[in-house]
Amino acid sequence: MSYRLATRDLQRKVRTNFKESPPLPPSAAQAVQRAAETTSFVSSLRRLMGNPGYILLLVSYGINVGVFYAISTLLNQVILSHYQNATSDAGRIGLTIVLAGMVGSAISGFVLDKTHKFKETTLVLYGLSLVCMVIFTFTLNCGNIGVVYFTAGLLG
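Residues numbered from 1 in each chain as written. Predicted model: local features only at pLDDT ≥ 70, side-chain atom pairs only at ≥ 80, totals over all residues. Heavy atoms only, no water.

1. Looking at the overall build of the chain
Selection criterion: Comment: elements are numbered from the N terminus, with helices defined as DSSP H or I runs of at least four residues and strands as E runs of at least two. Just to be clear, the radius of gyration here is over C-alpha atoms, and the globule rule we use is 2.2 Å times residues to the power 0.38. Only protein chains enter the accessibility calculation, which uses a 1.4 Å probe; a residue is then buried when its area is under 20% of its type maximum, exposed when over 50%, and partly exposed in between. Residues are treated as being in contact if the distance between any of their heavy atoms lies within 4.5 Å.
Counting its secondary structure elements, the chain contains 7 helices and 0 strands. For 156 residues, the compact-globule estimate of 2.2 N^0.38 gives 15 Å, and the chain exceeds it by more than 25% at 25 Å. A buried classification covers 13% of the 156 residues belonging to the chain. Relative to all contacts within the chain whose residues are 6 or more apart in sequence, the contacts with residues 24 or more apart total 53%.

And the structure:
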């Protein structure tokens, strides 16, 4: 009970004694932002939707994420249609895709941090995703589950 009263009193003191922002801006960027006229959320969205680069990125990323969700959702059915009694393998293949994707994201972040070539990196990653998806699709019925694990890792 005393903790509740202490935190309530502390909250009241913070609300009454601290201002929303300091009287002088802490950085040049904040000074520019304060001096700039505020824009509405709707006008920002209109400007964003008029940017062809953003629309291209939005659609391509949406397709990439949609394909990943489709693979994740149907992976068990797809694996079981090619390999009988491989339910646990389907789960492990999904885990392989996710873990490989995490490693790939970390590597991509490192490359982007060093090179600052965002468009080129995105194009290479999307191209590799397409190639790996085709390879994964055509190796599903090869008869060797190890190959499917490997191509799933590439896909991730």
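2. So, the side chain of Thr139
This is how the line gets drawn: The term polar contact refers here to a pair of N or O atoms within 3.5 Å; inside protein, the definition further demands a hydrogen-donor-capable atom paired with an acceptor-capable atom, and it admits residues adjacent in sequence only when both atoms are side-chain atoms.
Residue placement: Thr139 occurs in helix α6 (residues 118-139). When its relative accessible area of 18% is taken as the criterion, Thr139 is described as buried. Separated by 3.3 Å, the side chain of Thr139 and the backbone oxygen of Phe136 make a polar contact. Each residue touching Thr139, except ones within four places of it in the same chain, is listed here: Tyr83, Val147, Val148 and Thr151.

3. Some words on the nonpolar core
Selection criterion: Here, nonpolar core means buried Ala, Val, Leu, Ile, Met, Phe, Trp, Tyr and Cys residues that are tied together by side-chain atoms lying within 4.5 Å of each other.
If you look at the biggest cluster of nonpolar residues, it comprises 14 residues, and the most contacted ones within it are Leu75, Ile79, Ile93, Ile97, Phe136, Val148 and Leu155. Contributing elements (two or more residues each) for this core: α4 (52-82), α5 (87-115), α6 and α7 (145-155).

4. Some points on unusual backbone geometry
The phi dihedral of Asn85 is positive, around 55°, even though this residue is not glycine. Residue Asn85 is classed as exposed on the basis of its relative accessible area of 76%.

5. Digging into the UniProt feature "transmembrane region" (unreviewed entry) in the chain
Stated formally: UniProt positions are given in the numbering used here, feature names are shortened, and annotations may be inferred rather than shown by experiment.
Taking the UniProt record as the reference, the feature "transmembrane region" (unreviewed entry) is found at residues 53-71, 91-112 and 124-150. Strand forms 0% of residues 124-150 and helix 81%; the C-alpha atoms that close the span are 20 Å apart.

6. Some thoughts on the pattern of salt bridges
The cut-off we apply is this: Put simply, a salt bridge is a Lys or Arg side-chain nitrogen that is within 4 Å of an Asp or Glu carboxyl oxygen.
All chains considered together, the criterion is met by 2 salt bridges. For Asp9, the salt bridge identified is with Arg8, shortest N-O distance 3.6 Å. Residue Asp9 is classed as partly exposed on the basis of its relative accessible area of 33%. Across the pair Arg92 and Asp89 runs a salt bridge whose closest N-O atoms are separated by 3.3 Å. Taken together, the residues span about one helical turn, with Arg92 and Asp89 both in helix α5 at a distance of 3 residues. A residue is classified by how much of its surface remains accessible, and Arg92, at 44% relative accessible area, is partly exposed.

7. What to know about the packing of aromatic side chains
How two aromatic rings sit relative to each other is given by the distance of their centres and the angle of their planes. Spelled out, the test is: Side-chain rings of Phe, Tyr and Trp (the six-membered ring for Trp) are treated as a pair once their centres are within 6.5 Å; stacked means planes under 30 degrees apart, edge-to-face means over 60, and tilted covers the remaining angles.
Applying the stated criterion across every chain, the model contains 1 aromatic pair. Ring geometry for Phe68 and Tyr69: centres 5.9 Å apart, planes at 50°, overall tilted.

8. Looking at α4
How we decide: For a helix, the expected span equals 1.5 Å multiplied by the number of residues minus one.
Between its terminal C-alpha atoms α4 stretches 42 Å, which fits the 45 Å expected from 31 residues at 1.5 Å a residue. Here α4 has its buried residues at Ile71, Leu75 and Ile79. Buried residues belonging to α4 abut α5, α6 and α7. With a side-chain oxygen lying 3.1 Å from the backbone nitrogen of Gly53, the N-terminal cap of α4 falls on Asn51.

9. Some thoughts on the packing of α5 against α7
Going by this rule: Angular values range over 0 to 180 degrees, each being the angle between N-to-C directions of two axes fitted as lines to C-alpha atoms, with helices fitted over their stretch in contact. For classification purposes, an angle smaller than 35 degrees is called roughly parallel, one larger than 145 roughly antiparallel, one from 65 to 115 roughly perpendicular, and anything else oblique. Crossing handedness follows the turn of the near helix against the far one: under a right angle anticlockwise gives a left-handed crossing, and clockwise gives a right-handed one.
Orientation of α5 relative to α7, taken along the N-to-C sense of each, is 30°, at an axis distance of 7 Å. Comparing their axes, α7 and α5 come out roughly parallel. For the crossing formed where α5 meets α7, the hand is right-handed. Contact residues: Asp89, Arg92, Ile93, Thr96, Ile97 and Ala100 in α5; Ile145, Val148, Tyr149, Ala152, Gly153 and Leu155 in α7.

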